[in-house]
Amino acid sequence: MPEFAALITRIDAAVHNVVAFIKIADAPFRITGCWVNVLGPGAAHATHSHPNNFLSGVYYLQTQAGTDTINFHDPRPQTAIIRPPVTELTAYNTDQAVVTVSDGTLLVFTAWLPHSVSVNTNARSRISVSFNVMFTAYDTTMSLPLWGQD
Ligand SMILES: [Fe+2]
């Protein structure tokens, strides 16, 4: 849809940057899904991930105090076995990272990373556009066995 052309261009550029940053060989990819989220007052989004994709992302259209974060959760269940009390939550002793977003923020993250959205405590809805990205020809060009490749 022409209305989404600017957003798709921005997503394409961001995904190219992420793929280059993590040193993945440049390969064609496509957006496999893209949808709008309207999170009304009092609503939340439970922890989930996005199977069968390499990357996922969110573009934020309308955020405000009380609904301007996304939570990324440690995917390793073993880390919950010993959780001593802490004096202050830091990146080194927590099992989640809370990222603050604002209107126009575009996040791209690995699709297997569990994430959630806390309860919207604002009277206005939070509006965002989510998307998934997968390599176009993964099954034919990128999923060969790792042995025997020099
Ligand atoms: Fe999600």
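What you are looking at is a predicted structure, and each value in this text was computed from that prediction instead of being measured.

**Some points on the overall build of the protein chain**
Helix and strand counts for the protein chain stand at 2 helices and 8 strands. When its helices and strands are written in sequence order, the protein chain yields α-β-β-β-β-β-β-β-β-α. Considered along the principal axes of its C-alpha atoms, the protein chain spans approximately 50 × 50 × 20 Å. Out of the 150 residues in the protein chain, the part that is buried amounts to 14%. Excluding contacts between residues fewer than 6 apart, the proportion of contacts in the protein chain whose partners are at least 24 apart in sequence is 89%.

**Brief notes about the sheet that holds strand β2 (residues 45–48)**
Strand order in the open sheet formed by 4 strands is β2-β7-β4-β5, with antiparallel pairing between adjacent strands. Each edge of the open sheet is held by one strand with a lone partner, namely β2 and β5 (96–100). With strand direction ignored, the average angle separating the axes of adjacent strands in the sheet is 20°.

**Structural notes on the sheet that holds strand β6 (residues 106–110)**
Here 4 strands make up an open sheet; going across it, the order is β1-β8-β3-β6 and the pairing antiparallel. Two strands bound the open sheet, and with one partner strand each, they are β1 (29–39) and β6. Strand-to-strand twist in this sheet, taken as the mean axis angle between neighbours without regard to direction, amounts to 20°.

**Quick word on the environment of Gly66**
Secondary-structure assignment places Gly66 in the loop between β3 (55–62) and β4 (69–73). A C-alpha to C-alpha distance of 31 Å links Gly66 and Ile82, two positions 16 residues apart in sequence. Ignoring sequence-local partners within four residues, the contact set of Gly66 consists of Asn120, Thr121 and Asn122.

**A word on unusual backbone geometry**
Look at Lys23: it is not a glycine, yet its phi comes out positive at around 60°. Phi angles above zero are rare outside glycine, and Asn52 is one such case at about 65°. Along the chain, Asn52 turns up in the loop between β2 and β3.

**Details of the nonpolar core**
It is characteristic of soluble globular proteins that their nonpolar side chains tend to be buried jointly. Core analysis: the largest hydrophobic core is formed by 7 residues, namely Ile11, Phe29, Phe54, Leu55, Phe131, Val133 and Phe135. Listed in part, the 5 residues of the second largest apolar core include Leu39, Tyr59, Ile70 and Val117.

**Quick notes on the pairing of strand β8 (residues 126–135)**
As paired strands, β1 and β8 are joined by 10 bridges and run antiparallel to one another. Within β8, the residue paired with Trp35 across the bridge is Ser130.

**Some details on the environment of Tyr60**
With respect to the helices and strands, the residue Tyr60 is situated in strand β3. Along the sequence, Tyr60 and Asn71 sit 11 residues apart, while their C-alpha atoms lie 14 Å from each other. Non-local contacts of Tyr60, meaning those with residues more than four positions away in its chain, are made with Val101, Ser102, Asp103, Gly104, Thr105 and Ser128.

**Some details on the environment of Val38**
In this fold, Val38 is placed in strand β1. With sequence-adjacent residues up to four places away left out, Val38 is seen in contact with Ser125 and Ile127.

Here is what the cut-offs are and how they apply
- Residues numbered from 1 in each chain as written.
- Predicted model: local features only at pLDDT ≥ 70, side-chain atom pairs only at ≥ 80, totals over all residues.
- Helix = DSSP H or I, 4+ residues; strand = E, 2+ residues; numbered from the N terminus.
- Buried ≥ 20, exposed ≤ 12 C-beta atoms within 10 Å, placed from the backbone.
- Contact = placed C-beta atoms within 7 Å.
- Pairing = 2+ DSSP bridges.
- Axes fitted to C-alpha atoms, helices over the stretch in contact; angles between N-to-C directions.
- Core = buried A, V, L, I, M, F, W, Y, C linked by C-beta atoms within 7 Å.

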